[in-house]
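# Inside the fold
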Amino acid sequence: MTTHALFREDAYLRECDAVVTRVDDDGVELDRTIFYPQGGGQAGDTGVLTTTDGLRLRVIDARKSKRDGTTPDDAVHLMDPSGQWRSQLMVGTPVRAQIDWDRRYRHMRFHTATHLLCAVVKELVDGCSITAEYARLDFAMTDLLDKQQVQDGLDALIAASHRVESEWISDDEMQANPQLVKSMSVSPPVGFGRVRLLRVSDIDLQACGGTHVRNTAEIGAVRVAKIEKKSARTRRVVLEFV
Ligand SMILES: [Zn+2]
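For every chain, the first residue of the written sequence is number 1, and numbering continues from 1 onward in sequence order. Totals for whole chains, interfaces and linings use all residues, but because this is a predicted model, local features are given only for residues with pLDDT of at least 70 and pairs of side-chain atoms are given and counted only at 80 or more. Only hydrogens and water are set aside when side-chain values are computed; all heavy atoms of the structure are taken into account.

## Describing the overall build of the protein chain
- Numbering of helices and strands runs from the N terminus, with a helix taken as a DSSP run of H or I at least four residues long and a strand as a DSSP run of E at least two residues long. Along the backbone of the protein chain there are 4 helices and 15 strands.
- For the protein chain, whose C-alpha radius of gyration is 19 Å, the value lies close to the compact-globule estimate of 18 Å for 242 residues.
- Seen through its C-alpha atoms, the protein chain measures out along the principal axes to roughly 55 × 40 × 35 Å.
- Of all 242 residues assigned to the protein chain, the portion counted as buried reaches 48%.
- Whether two residues touch is decided by their heavy atoms; if any such pair falls within 4.5 Å, the residues are in contact. Contacts spanning at least 24 positions in sequence make up 66% of the contacts within the protein chain whose residues lie at least 6 apart.
- For the protein chain, the exposed area adds up to about 11,500 Å²; of that, 47% sits on carbon and sulfur atoms.
- The convention is simple: Lys and Arg are positive, Asp and Glu are negative, and His and the chain ends are not counted. By convention, charge coordinates are those of NZ in Lys, CZ in Arg, CG in Asp, or CD in Glu. With 32 positive and 36 negative side-chain charges, the protein chain shows a spacing of 4 Å between the two charge centroids. With C-alpha atoms as the basis for the radius of gyration, the globule rule is written as 2.2 Å multiplied by the number of residues raised to the power 0.38. Throughout this description, buried means an accessible area under 20% of the type-specific maximum (1.4 Å probe, protein chains only), exposed means over 50%, and partly exposed covers the range between. Here the accessible surface of atoms and residues is derived via Shrake-Rupley with a 1.4 Å probe, and residues count as covered only by protein chains that are part of the display.

Below you can see the structure in the form of structure tokens.
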């Protein structure tokens, strides 16, 4: 049974009711979820599953399910091994799922900022990491990047309050438009009928399944903390919140 990934339609959902559909060695799958499973460089969500008895069971991470026949939306909620989850969660158990919102919101703000960075630098991405503390993008390029120019470009796009929206295209449309893939390290999931795109106004359009804010102004103040030569062919840009 495929998990209904509610966060792909509405990244602002902080909680939902769900039912356990599978119990694995280290966690559970749910029929629907607001937990983003680690992917595309973005860290997985943490949070709590609460039983109808009011027992709060800690989720320490969310990962894509690796079993056969799964879709990109199937996620394992990794449970705190020291908790009582094994005796509480069985197939069919109803739970209230809640994510650690402050942490996720930082992921959303950083993730949207990385799309703006793609619009400023305009090179292919060869590595990405989005956490609550920092975001980094590795660009496949040999030219030097000017830190102040990147900062100014980013500041202007954040301040311009551009709308951020997702849209869906078919697998065929995806394959006919390879320029929509801006990452060399992460491929969009084709073979499931449709692929999600993330559009930042007329600034950036690319395949992405992550969680983002609705408007670039929501990102707030971000500073280019570091630009470094990661390898002969890669330049790394690290962003932090001010
Ligand atoms: Zn994205």
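More follows now that the structure is in view.
## A look at the coordination of the zinc ion
- Counted as donors are N, O and S atoms no farther than 2.8 Å from the metal, or 3.2 Å for Na, K and Ca; water is not among the atoms, and sites may therefore look incomplete. Distances from the zinc ion to its protein donors, H111 (NE2), H115 (NE2), C208 (SG) and H212 (NE2), fall at 2.0 to 2.1 Å.
- Square planar and octahedral sites, with four and six donors, are those where opposite donors lie more than 155 degrees apart and all other angles lie between 65 and 115, tetrahedral sites have four donors with every angle between 85 and 135 degrees, and the rest are irregular. One can describe the site at the zinc ion as tetrahedral: its 4 donor atoms subtend angles covering 101 to 124° at the metal.
- Motif for the zinc ion, donor spacing along one chain: H-x3-H-x92-C-x3-H. With H111 and H115 both in helix α2 (residues 101-121) and 4 residues apart, this pair spans about one turn of that helix.
- The class of H111 is buried, set by a relative accessible area of 4%.

## A look at the domain arrangement of the protein chain
- By the assigned domains, the protein chain splits into domain 1 (4-99) and domain 2 (103-241).
- For each domain, the first and last residues come from an automatic or database assignment. Just the C-alpha atoms count here: the centres of domain 1 and domain 2 sit 26 Å apart.
- With 19 residues of domain 1 in contact, the opposing surface of domain 2 contributes 23 residues.
- Between domain 1 and domain 2, roughly 1,600 Å² of surface is buried when both sides are summed, and carbon and sulfur atoms account for 50% of that area.
- Three residues, R8, Y12 and Q42, lead the burial of domain 1 against domain 2; their summed loss comes to 38% of the area buried on that side. The term buried area refers to how much accessible surface (probe radius 1.4 Å) is lost by two components on association, counted for both of them together.

## Quick word on the side chain of H212
- Assignment of secondary structure puts H212 in the loop between β13 (204-207) and β14 (222-231).
- N or O atoms within 3.5 Å of each other form a polar contact, as long as, within protein, one can give a hydrogen and the other can take it, and as long as residues adjacent in sequence are counted only when both atoms are side-chain atoms. One polar contact links H212 to H111, side chain to side chain, over a distance of 3.2 Å.
- Contact partners of H212, with chain neighbours within four places excluded, come to A11, Y12, M108, H111, T112, H115, V164, R196 and L198.

## Let's talk about the packing of α2 against helix α3 (residues 147-159)
- Orientation of α2 relative to α3, taken along the N-to-C sense of each, is 120°, at an axis distance of 9 Å. When the axes of α2 and α3 are compared, the pair comes out oblique. Where α2 crosses over α3, the handedness of that crossing is right-handed. In this structure, α2 contributes A113, L116, L117, A119 and V120 to the contact, and α3 contributes V150, G153, L154, L157 and I158.
- Each residue is assigned to one of three groups, with Ala, Val, Leu, Ile, Met, Phe, Trp, Tyr, Cys and Pro labelled nonpolar, Asp, Glu, Lys and Arg labelled charged, and all others, Gly among them, labelled polar. Looking at the contact of α2 with α3 residue by residue, the class counts come to 9 nonpolar, 1 polar and no charged. Angular values range over 0 to 180 degrees, each being the angle between N-to-C directions of two axes fitted as lines to C-alpha atoms, with helices fitted over their stretch in contact. By the definition adopted for this analysis, an angle is roughly parallel if under 35 degrees, roughly antiparallel if over 145, roughly perpendicular if from 65 to 115, and oblique otherwise. Should the near helix be turned anticlockwise from the far one by less than a right angle, the crossing is left-handed, and should it be turned clockwise, the crossing is right-handed.

## A few points about the pairing of strand β7 (residues 75-79)
- Along β7, 5 of the 5 residues are buried, which leaves the element largely enclosed by surrounding structure.
- Burial along β7 is two-sided: A75, H77 and M79 and V76 and L78, pointing in opposite directions, are all buried.
- Pairing between two strands is assigned when DSSP locates at least 2 bridges connecting them. Of the pairings in the sheet, the one linking strand β3 (residues 27-30) to β7 comprises 2 bridges and is antiparallel in character. Along β7, the bridge assignment pairs G27 with L78.
- Relative to β7, strand β6 (residues 56-64) is paired through 5 bridges, and the arrangement is antiparallel.

## Structural notes on the environment of V238
- Considering the arrangement of structural elements, one finds V238 in strand β15 (residues 234-241).
- Judged by relative accessible area, V238 falls into the buried class, the value being 9%.
- In this structure the C-alpha to C-alpha distance between V238 and K226, which are 12 residues apart in sequence, comes to 5.1 Å.
- Those residues within four positions of V238 in sequence are excluded, and the remaining contacts are Y134, A135, R136, R223, V224, A225 and K226.

## A short note on the sheet that holds strand β12 (residues 194-200)
- Pairing is antiparallel in the open sheet, where 3 strands are placed in the order β11-β12-β13. Looking at which strands have only one partner, the edges of the open sheet turn out to be β11 (164-170) and β13. Across the sheet, the mean angle from the axis of one strand to that of its neighbour is 25°, orientation sign disregarded.
- As paired elements, β11 and β12 share 7 bridges and run antiparallel to each other. Looking across to β12, one finds that S166 is bridged to L198.

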